[in-house]
Amino acid sequence: MTSKVDEDLTYEQARDELIDVVRRLEAGGTSLEESLALWERGEELAKVCRRWLEGARARLDAALAEEKAGQDGE
């Protein structure tokens, strides 16, 4: 479940934090517990990014449908 704080993140904030999480995981040197916590945080951040992208896709689809309807009505 995504927290209220995560829901307030912009796409860019979530993406940047996700990049940092991935870098930390790739660098290694963390304990198993820390790695699991980073992985879980990364999953949460990926969900935030996915929601933003799905919302953007819906807005684009709506705009394109509106444009097409306007052209069909001419």
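Residues numbered from 1 in each chain as written. Predicted model: local features only at pLDDT ≥ 70, side-chain atom pairs only at ≥ 80, totals over all residues. Heavy atoms only, no water.

**As for the overall build of the protein chain**
In terms of regular secondary structure, the protein chain is built from three helices and zero strands. Along the protein chain, helices (α) and strands (β) appear in the sequence α-α-α when read from the amino end. Taken against the 2.2 N^0.38 rule, which gives 11 Å for 74 residues, the C-alpha radius of gyration of the protein chain at 18 Å runs more than 25% over that of a compact globule. Across its three principal directions, the C-alpha atoms of the protein chain cover 65 × 25 × 15 Å. Contacts in the protein chain between residues far apart in sequence, at least 24 positions, make up 74% of those at least 6 positions apart. Of the roughly 6,000 Å² of accessible surface on the protein chain, a fraction of 55% belongs to carbon and sulfur atoms. Distance between charge centroids for the protein chain: 0 Å, based on 11 positive and 19 negative side chains. (Helix = DSSP H or I, 4+ residues; strand = E, 2+ residues; numbered from the N terminus. Rg over C-alpha atoms; globule rule 2.2 N^0.38 Å. Contact = heavy atoms within 4.5 Å. Areas by Shrake-Rupley, 256 points an atom, 1.4 Å probe, with all protein chains shown as cover. Lys, Arg positive; Asp, Glu negative; His and termini not counted. Charge placed at Lys NZ, Arg CZ, Asp CG, Glu CD.)

**Quick look at the pattern of salt bridges**
A full pass over the atoms with the stated rule returns three salt bridges. Notably, a salt bridge pairs Asp16 with Arg15, separated by 3.1 Å at the nearest N-O pair. Across the pair Arg41 and Glu44 runs a salt bridge, and its minimum N-O distance is 3.2 Å. One end of the pair is Arg41 and the other is Glu44, both in helix 3 (residues 32–72) and three residues apart, which spans about a single turn. Look at Arg41 and you get partly exposed, because its relative accessible area is 21%. Shared partners join several salt bridges into a network, and the residues in it are Glu17, Arg41 and Glu44. (Salt bridge = Lys/Arg side-chain N within 4 Å of Asp/Glu carboxyl O. Buried < 20%, exposed > 50% of the residue type's maximum accessible area, 1.4 Å probe, protein only.)

**Here's the deal with the environment of Gly28**
The residue Gly28 is located in the loop between helix 2 (11–27) and helix 3 in this model. When the C-alpha atoms of Gly28 and Ala56 are compared, they prove to be 34 Å apart, with 28 residues separating the residues in sequence.

**Thoughts on the confidence of the model for the protein chain**
Scored by pLDDT, the protein chain has a mean of 92; 92% of the residues are at 70 or more. Element-level mean pLDDT values for the protein chain span from 72 in helix 1 (residues 4–7) up to 97 in helix 2. (pLDDT = per-residue confidence, 0-100.)

**Some thoughts on the packing of helix 2 against helix 3**
It is at 9 Å that the axes of helix 2 and helix 3 come closest, and there the two elements cross at 150°. Between helix 2 and helix 3, the interaxial angle falls into the category roughly antiparallel. Between helix 2 and helix 3 lies a crossing of left-handed hand. The segment helix 2 lies against helix 3, with Tyr11, Ala14, Arg15, Glu17, Leu18, Val21, Arg24 and Leu25 engaging Ser35, Leu38, Trp39, Arg41, Gly42, Leu45, Ala46, Val48, Cys49, Trp52 and Leu53. Of the residues in the contact of helix 2 with helix 3, the class split is 13 nonpolar, two polar and four charged. (Axes fitted to C-alpha atoms, helices over the stretch in contact; angles between N-to-C directions. Parallel < 35°, antiparallel > 145°, perpendicular 65-115°, else oblique. Left-handed = near helix turned anticlockwise from the far one by under 90°. Nonpolar A, V, L, I, M, F, W, Y, C, P; charged D, E, K, R; others polar.)

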